[in-house]
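Here are the chains, one letter per residue:
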Amino acid sequence: LVIFSRRPLPWAVSANPKRKVEDVRPIFWASRPKSYIYRTQDWDEFPNGRWGNSSSPAFGELNDYYLFYLKSKSSKEALLQMWGEELKNEESVFRVFTCYITAQPNQNGQKVMCLPWNDEPLASETNFLKDELEKVNRRGVLTINSQPNINGKPSTDPVVGWGPPGGYVFQKAYLEFFTSSENVTALLKVLKKYEPRVNYHIVNVHGRNMTNAHEMQPNAVTWGIFAGREIVQPTVVDPVSFMYWKDEAFALWIEQWGKLYEDESPSRMIIKYIHDNYFLVNLVDNDFPLKNCLWQVIDDMFELLDAPPELLSDETVLE
């Protein structure tokens, strides 16, 4: 009798028999597996063993499934109670993200149980990062995906384990978030100190893309070593797929959150401003055996933002 651990892979495996060989996915859809499955349903083959250097994965267009797959499981009334019947400023949005991370009730006494990018409760491994996530969300680093670094935990570990018993699992620290152009200007200056340890992708809704990673090469951020098998790498940060995910990630601001409010209302305009002006960022700390440095990167960004203006304005990164 062979007893397997809770999950065969770090993400929910599709029940579709045609996808039974699939064992690699981009990390971006970690909290939206139904959307990923829908957008890839017409693929003839699914990645097995490694993601590869695909220059044009045929992800389905967003318009095909707006009405179904972008719809939250919660009612409009429930979402307004969680996300705010009226938003006064960007800080109102920051507080919603913070309440989701901390599981503390908002000013209405309601717990924020979901966000447009996360329609499920937080993964248990997020507890490893909770304090840091709370701190950065309060200051407008609006996190939608993260994972801690893991160096050789048993595959049967109740929190981060996956795959058959007797193996070991590994992860690079990963952080994905929306933030303002002002923050990105400071972040780009700070990131120069962390190359090549930290890879980044930074993009806005219009497709302005800044990265220090290979434009085609995926970066494995989760892998496992098991007896009698090649190394399994089921989760990657793929730069090509990120540009497809970008469209969906930005669309969720409007389709799920913005449309809760009347056209031209102040609340709708706040969400639209974030959609139009913020950047989507992902960061990978490649030195997984060491202490996660991504929180120090964000701290350095805040320190630069809090410094005298001339330190930030001596070089305009975003024009």
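Definitions and cut-offs
Residues numbered from 1 in each chain as written. Predicted model: local features only at pLDDT ≥ 70, side-chain atom pairs only at ≥ 80, totals over all residues. Heavy atoms only, no water. Pairing = 2+ DSSP bridges. Helix = DSSP H or I, 4+ residues; strand = E, 2+ residues; numbered from the N terminus. Axes fitted to C-alpha atoms, helices over the stretch in contact; angles between N-to-C directions. Contact = heavy atoms within 4.5 Å. 1 Å grid on protein atoms, 1.4 Å probe; cavity = no way out; pocket = protein on both sides within 12 Å on 5 of 7 lines; lining within 4 Å. Points joined across faces, edges and corners; volume = space filled by probe spheres on them. Nonpolar A, V, L, I, M, F, W, Y, C, P; charged D, E, K, R; others polar. Core = buried A, V, L, I, M, F, W, Y, C linked by side-chain atoms within 4.5 Å. Buried < 20%, exposed > 50% of the residue type's maximum accessible area, 1.4 Å probe, protein only.

The name given to the protein in an unreviewed UniProt entry is MTHFR SAM-binding regulatory domain-containing protein, with Characodon lateralis as the source organism.

S.K.: Please clarify how the sheet that holds strand β9 (residues 232–237) should be interpreted in this entry.
M.R.: Sheet strands pair via backbone hydrogen bonds, and the direction of the pair is either parallel or antiparallel. Strands sit in the order β1-β9-β8-β4-β3 across an open sheet of five strands; the sheet is mixed. Whereas interior strands pair on both sides, the edge strands pair on one side only; in this sheet they are β1 (25–26) and β3 (150–154). Across two bridges, the pairing between β1 and β9 is parallel. Opposite P26, over in β9, you have V236 as the bridge partner.

S.K.: Just to check I follow, could you spell out the sheet that holds strand β2 (residues 142–147) for this structure?
M.R.: Sheet architecture is open: five strands sit in the order β2-β5-β10-β6-β7, paired in antiparallel fashion. Across the chains shown, the open sheet's two edge strands, defined by having one partner strand only, are β2 and β7 (209–211). This sheet shows a mean twist of 10° between the axes of neighbouring strands, independent of strand direction. The sheet contact formed by strand β5 (residues 173–179) and strand β10 (residues 279–285) spans seven bridges and is antiparallel. Its bridge partner being in β10, F178 is matched across the sheet by L280. Each of β5, β6 (198–204), β7 and β10 touches helix α6 (residues 181–191); the most contacted strand, β6, lies at about 155° to it.

S.K.: Is there a simple way to explain empty space enclosed by the protein in this structure?
M.R.: One simple way to see leftover space: roll a probe sized like a water molecule over the atoms. Evaluation of the coordinates by the stated rule reveals one cavity of 30 Å³ or more. F28, A30, S31, R32, W117, N118, I144, N145 and W245 are the residues that line the largest cavity. Here the residues of the lining of the largest cavity sort into five nonpolar, three polar and one charged.

S.K.: It is not clear to me how the nonpolar core should be interpreted in this structure. Could you clarify?
M.R.: Side chains that are nonpolar tend, in soluble globular proteins, to be buried together. Within the largest apolar cluster, 78 residues are counted, with the highest numbers of intra-cluster contacts made by W117, W253 and W257. When residues in this core are grouped by element, the largest group, eight residues, is from helix α7 (residues 239–257). Look past the residues within four positions of W117 in its chain and what remains in contact with it is S31, R32, F97, I144, F178, W245, A249, L252, W253 and W257. Within the second largest apolar cluster, eight residues are counted, among which are V160, V169, F226 and V232.

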